[in-house]
Amino acid sequence: MAILVYAEHDNKELKKATLNTVTAASKIGGDIVVLVAGLGCEAVAEQAAKVAGVSKVLCASNAAFEHQLAENVAKLVVSLAGDYSHIVVPATTTGKNFLPRVAALLDVNMLTDVTAVIDAETFERPIYAGNAIATVKDTESKKVITVRTTAFDAAAAEGGAASIEQVSAGEDAGKSKFVGEELAKSDRPELTAAEIVVSGGRALASGENFTKYIEPLADKLGAAMGASRAAVDAGYVPNDLQVGQTGKIVAPNLYIAAGISGAIQHLAGMKDSKVIVAINNDPEAPISQVADYFLEGDIFTILPELTSKL
C-alpha cells in the first residue's frame, strides 16, 4: 500500500502543514510518497526528502503548477493516482480547492477534515461545527482525504533520506489563468502555524482598538493576531485573520480570546488549543465553558495592564 501526500509550499519553502499531513499518512500505514508540484520547486523537493517517514518525493516542476491552479493540479494528481491507495492532502485553501475535482475525476468519495485515523479504511471527522465526531468507514479502492493539520503533530523536518524523482506528467488545462495576488505582509507568525494567538472580538468596537489593544499584546508575546467572525464582518480587521469554522482552524499552545463571546462557529476553529485564556466581562459567555483561564473584566482595562506587565 502506497500513500500520496500533496505538499503545501510556495515554490521556495515546504509549509508546516505538509509535516502534519505526513504524520496523518503514517498512521494509515504504507510507503509515503510526497508530490511537490510547482515551478522551480526543486529546493522544496529537497526539503521534503529530508522529512522523517517519507520514502520518495515526486517533483513536478512546470509553469502550469506555479500558482497551484485547481484545474491543472487535479489533472496531475489524477494522472499519478493509479499507484496509490490513498491521496492525502492538507485541509488548506489549496487542498480544499483542487481535491474535490480529483475525487470527481476519479469517481470516488471524498473524506474531508479528517482529525483521526483509526485504520486504513476508518477515520474520524468533526460534524455540526465540531459538536460531534463522526467515525467514517470508506471501503472504496482509492481514498481521497483532506486532513485537519492541527489534529496531528508535525513530522520531523530532518532525518529522512528519500529519493527524488522528476515527473513530467501534467499540463495546462487551459480552463483558468492566474491574474494576480495581493499577499498580506506581516512580521508576526502565520496564524495557522503560530505557537501563540491573540484574538479579538466584536467587543473591540473598531479597527483602531485592535491596533491599540490587541497588536501590542501580540507583539509582546511574539504571537499571531486573530479575530472572530463578528469582528471581521464588522470590518474591523481583514478576513484573513478570521478564526472559526468558516475561517482558519488553529491549535496553538496558547490562545488568548479578548472580547469574544464564544459562538459555536468560533469555538470550532480554536477549541483544540492547548491552553485557552478568555478575557470577557460576561462570566456566562459560552467561551467560559472551554477556557482554561477566565478573566472577568473590561478588556480595555485588562489588556493594557497585561501588556505592560509582560
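Bear in mind the structure is a predicted one, so any value in this text is a computation, not a measurement. (Residues numbered from 1 in each chain as written. Predicted model: local features only at pLDDT ≥ 70, side-chain atom pairs only at ≥ 80, totals over all residues. Heavy atoms only, no water.)

1. As for the pairing of strand S1 (residues 2–6)
Alright, step 1. Summarising burial for S1: five of the five residues are buried, a large majority.
Alright, step 2. Both faces of S1 are covered, namely the face carrying Ala2, Leu4 and Tyr6 and the face carrying Ile3 and Val5.
Alright, step 3. Pairing between S1 and strand S2 (residues 31–38): five bridges, direction parallel. Residue pairing in the sheet places Ala2 in a bridge with Asp31 of S2.
Alright, step 4. Running through helix H1 (residues 16–28), the crossover from S1 to the neighbouring parallel element S2 is right-handed.
Alright, step 5. Bridge analysis of S1 against strand S4 (residues 86–90) gives three bridges, and the strand direction is parallel. When the sheet's bridge partners are listed, Val5 is paired in S4 with Val88. (Buried < 20%, exposed > 50% of the residue type's maximum accessible area, 1.4 Å probe, protein only. Helix = DSSP H or I, 4+ residues; strand = E, 2+ residues; numbered from the N terminus. Pairing = 2+ DSSP bridges. Right-handed = clockwise from strand over helix to strand, strands pointing away.)

2. Here we look at helix H2 (residues 42–49)
Alright, step 1. Regarding H2, the residues found buried are Val44, Ala45, Ala48 and Ala49. All buried residues of H2 project into a common sector of 140 degrees when viewed along the axis, lining one side.
Alright, step 2. Looking at the buried side of H2, the elements it contacts are S2, strand S3 (54–61) and strand S10 (163–166). (Arc of directions from axis to C-beta. Contact = heavy atoms within 4.5 Å.)

3. Observations concerning the packing of aromatic side chains
What characterises a pair of aromatic rings is the spacing of the ring centres plus the angle enclosed by the ring planes.
Alright, step 1. By the definition in use, this model includes three aromatic pairs.
Alright, step 2. Summarising the aromatic geometry, the rings of Phe210 and Tyr236 are spaced 6.5 Å apart at their centres and angled 45 degrees between planes, so their arrangement reads as tilted. Of the two residues, Phe210 sits in helix H5 (residues 207–221) while Tyr236 sits in the loop between helix H6 (229–233) and strand S13 (254–258), which places them 26 residues apart along the sequence.
Alright, step 3. Judged by relative accessible area, which is 1%, Phe210 ranks as buried.
Alright, step 4. A residue is classified by how much of its surface remains accessible, and Tyr236, at 21% relative accessible area, is partly exposed. (Phe/Tyr/Trp six-rings, centres within 6.5 Å; stacked < 30°, edge-to-face > 60°.)

4. Let's talk about the sheet that holds strand S6 (residues 116–117)
Alright, step 1. The strand order across the open sheet formed by three strands is S6-S7-S8, and the pairing between neighbours is antiparallel. At either end of the open sheet lies a strand with only one pairing partner, and these are S6 and strand S8 (132–137).
Alright, step 2. Taken together, the six bridges between strand S7 (residues 122–127) and S8 define a ladder with antiparallel strand orientation. The partner of Phe123 across the bridge, within S8, is Val136.

5. What about the pattern of salt bridges?
Alright, step 1. One pass over the full model with this rule turns up ten salt bridges.
Alright, step 2. The salt bridge involving Arg188 is made with Glu215; its shortest N-O contact spans 3.4 Å. With Arg188 in the loop between S10 and strand S11 (196–200) and Glu215 in helix H5, the pair connects residues that are 27 residues apart, well separated along the chain.
Alright, step 3. One salt bridge in this structure joins Glu305 and Lys309, with 3.2 Å as the shortest N-O distance. In this pair, Glu305 and Lys309 both sit in helix H8 (residues 299–309), four residues apart, roughly one turn of the helix.
Alright, step 4. By relative accessible area, which is 40% here, Glu305 ends up partly exposed.
Alright, step 5. Ionic contacts of the salt-bridge type, sharing partners, join the residues Glu121, Lys137 and Lys143 into one network. (Salt bridge = Lys/Arg side-chain N within 4 Å of Asp/Glu carboxyl O.)

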